[in-house]
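Spelled out from the first residue to the last, the chains are:
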Amino acid sequence: MFGFFESHFLFFGLQITYYGFLIACAMALGVFLACKNAKMRGLKSDDLVVVACYVLPIAIIGARAYYCIFSPESYSFVEFFRIWDGGLAVYGSIIGGAIGLLLYCLIHKKNFFDVADITVPSIILGQAIGRIGCYFSHCCYGVEVTNPSLTWFPLSVFMSDGKWHLATFFYESIWNLLGFVVLMLLLRVFKLRQRGSISASYLIIYGIGRAWIEGLRGDSLYIGAIKVSQLLSIILIIVGLGILVFYFIKRSRHPNLGEGKVIREITLNTESQVLDVDKNIKENKATKTHKSNKNKQKKKE
């Protein structure tokens, strides 16, 4: 039997939940990965560290707000901030993160899609890791499985309510991991230069997986009889396809539109770094020459 584990562990007397620990690891890994991918859109790793300062706090607030708004329970102002009691939603974090990213781009005068294309592989990887955390917190699992022949992992999982359920958190984790591989291939191997192409691919990939998996969930949030996250997933797919179609039509009319600008910015960024290196070398040589001349002058005296 593949049963549930404890939801927390002790670290020097502190009670730490596995879910929170995995989310923290996902955030750290996501920022590190985004810094490594920054050059693919002509950005610097420092830019992505600043992006994280905008995005992560607002994403957490968004995740909590989404859950509280669509939850059948009511939350007071104080209870809203008790995130350690559980109640965060992935789609809320995506919406909040997008708002944080938009604020960053407006304040620092960056192109939204340039930064988004760099961050979405980190986001979907973080979602893959976060869904494993759902197992330890005993949430986000699917409908009950009553057929004994289907009570085996990874199809289903034995949860804390003493019943077998579809392991929907595991399905989504694997789907997101595959999506991460696809996005990284598009970004680093195939090197798609069109702004927004990676972001659109993320919306489509994640939307398709979530729309299907949400239909198997037994603890979804609803608006009337409609599952909110399933509806949003369909909207994401449509938006992603719309972005790709828009750029396809525009590029067919103007072959190098968008791509050329990104390549120029990457080239300019690289040239700037080379000039900085040359400047440092020249300054070092000048310093050494000055010291050498000074030493020679002392010897003569």
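All values reported here derive from a predicted model rather than from experimental measurement.

**Observations concerning the overall build of the protein**
- Helices and strands together make up the secondary structure of the protein, namely nine helices and six strands.
- Across the 301 residues of the protein, 39% fall into the buried class.
- Residue pairs at least 24 apart in sequence account for 69% of intrachain contacts in the protein once pairs closer than 6 positions are excluded.

**A word on the nonpolar core**
- Of all hydrophobic cores here, the largest spans 56 residues; its most connected members are Leu-48, Leu-101, Phe-169 and Leu-183.
- If one sorts the elements of this core by residue count, helix H5 (residues 112-136) sits on top with 10 residues.

**Re the packing of helix H7 (residues 197-214) against helix H8 (residues 228-253)**
- Between H7 and H8, the shortest axis-to-axis distance is 7 Å and the interhelical angle comes to 150 degrees. As summarised for this structure, H7 and H8 are arranged roughly antiparallel, according to the angle between their axes. Of the two possible hands of crossing, H7 and H8 adopt the one that is left-handed. When H7 is examined against H8, the residues Ser-197, Ala-200, Leu-203, Ile-204, Tyr-206, Gly-207, Ile-208, Arg-210, Ala-211 and Glu-214 are found in contact with a partner set consisting of Ser-229, Gln-230, Ser-233, Leu-236, Ile-237, Val-239, Gly-240, Leu-241, Ile-243 and Leu-244.

**Observations regarding helix H4 (residues 90-108)**
- In this model H4 runs 27 Å from its N-terminal to its C-terminal C-alpha over 19 residues, within 8% of the 27 Å that 1.5 Å per residue would give.
- The set of residues buried in H4 consists of Val-90, Tyr-91, Gly-92, Gly-96, Gly-97, Gly-100, Leu-101, Tyr-104 and Cys-105.
- Where H4 is buried, its residues touch helix H2 (45-70), H5, H7 and H8.
- In the stretch just after H4, Lys-109 is the one whose phi turns positive, near 55 degrees.

**Re the environment of Thr-119**
- Its location among the elements puts Thr-119 in helix H5.
- Apart from the residues within four sequence positions on either side, Thr-119 is in contact with Leu-48, Val-51 and Leu-101.
- A distance of 3.0 Å separates the side chain of Thr-119 from the backbone oxygen of Ala-116, its partner in a polar contact.

**Quick notes on the packing of aromatic side chains**
- Going through the model one piece at a time under the given rule, you end up with 16 aromatic pairs.
- Through successive ring pairs, a cluster of aromatic residues spans Tyr-18, Tyr-135, Phe-136 and Phe-169.
- Seen from the ring of Tyr-75, Arg-64 lies directly overhead, with NZ or CZ sitting 4.9 Å from the centre.

**Regarding unusual backbone geometry**
- Omega for the bond connecting Phe-153 with Pro-154 falls within 30 degrees of zero, at 15 degrees, which places this linkage in the cis form.
- Tracing the sequence through the fold places Pro-154 in the loop between H5 and strand E3 (156-158).
- Here Cys-140, not a glycine, exhibits a phi torsion of approximately 60 degrees, which is positive.
- Within the secondary structure, Cys-140 sits in the loop between H5 and E3.
- Look at Cys-140 and you get buried, because its relative accessible area is 10%.

**Quick look at the pairing of strand E2 (residues 14-17)**
- As paired strands, strand E1 (residues 8-11) and E2 are joined by four bridges and run antiparallel to one another. The residue bridging Leu-10 from the neighbouring strand is Gln-15, located in E2.
- Taken together, E1 and the strand that follows it, E2, pair antiparallel across an intervening segment of two residues, in which Phe-12 is found at a positive phi of about 50 degrees.

**What to know about the packing of helix H6 (residues 168-189) against H7**
- Relative orientation of the contacting elements H6 and H7 amounts to 165 degrees, with a least axis distance of 10 Å. In terms of orientation, H6 lies roughly antiparallel with respect to H7. Here H6 and H7 pass one another in a crossing that is right-handed. In this structure, H6 uses Thr-168, Tyr-171, Glu-172, Trp-175, Asn-176, Gly-179, Val-182, Leu-183, Leu-186 and Leu-187 to contact H7, whose residues at the interface are Ile-198, Ser-201, Tyr-202, Ile-205, Tyr-206, Ile-208, Gly-209, Arg-210, Trp-212 and Ile-213.
- For the contact of H6 with H7, the per-class residue count stands at 13 nonpolar, five polar and two charged.

Parameters and conventions
- Residues numbered from 1 in each chain as written.
- Predicted model: local features only at pLDDT ≥ 70, side-chain atom pairs only at ≥ 80, totals over all residues.
- Heavy atoms only, no water.
- Helix = DSSP H or I, 4+ residues; strand = E, 2+ residues; numbered from the N terminus.
- Buried < 20%, exposed > 50% of the residue type's maximum accessible area, 1.4 Å probe, protein only.
- Contact = heavy atoms within 4.5 Å.
- Core = buried A, V, L, I, M, F, W, Y, C linked by side-chain atoms within 4.5 Å.
- Axes fitted to C-alpha atoms, helices over the stretch in contact; angles between N-to-C directions.
- Parallel < 35°, antiparallel > 145°, perpendicular 65-115°, else oblique.
- Left-handed = near helix turned anticlockwise from the far one by under 90°.
- Expected span 1.5 Å × (residues − 1).
- Polar contact = N/O pair within 3.5 Å; in protein donor to acceptor, adjacent residues only side chain to side chain.
- Phe/Tyr/Trp six-rings, centres within 6.5 Å; stacked < 30°, edge-to-face > 60°.
- Lys NZ or Arg CZ within 6 Å of the ring centre and 35° of its normal.
- Pairing = 2+ DSSP bridges.
- Nonpolar A, V, L, I, M, F, W, Y, C, P; charged D, E, K, R; others polar.

All quantities given are derived from atomic positions and should not be read as evidence of function.
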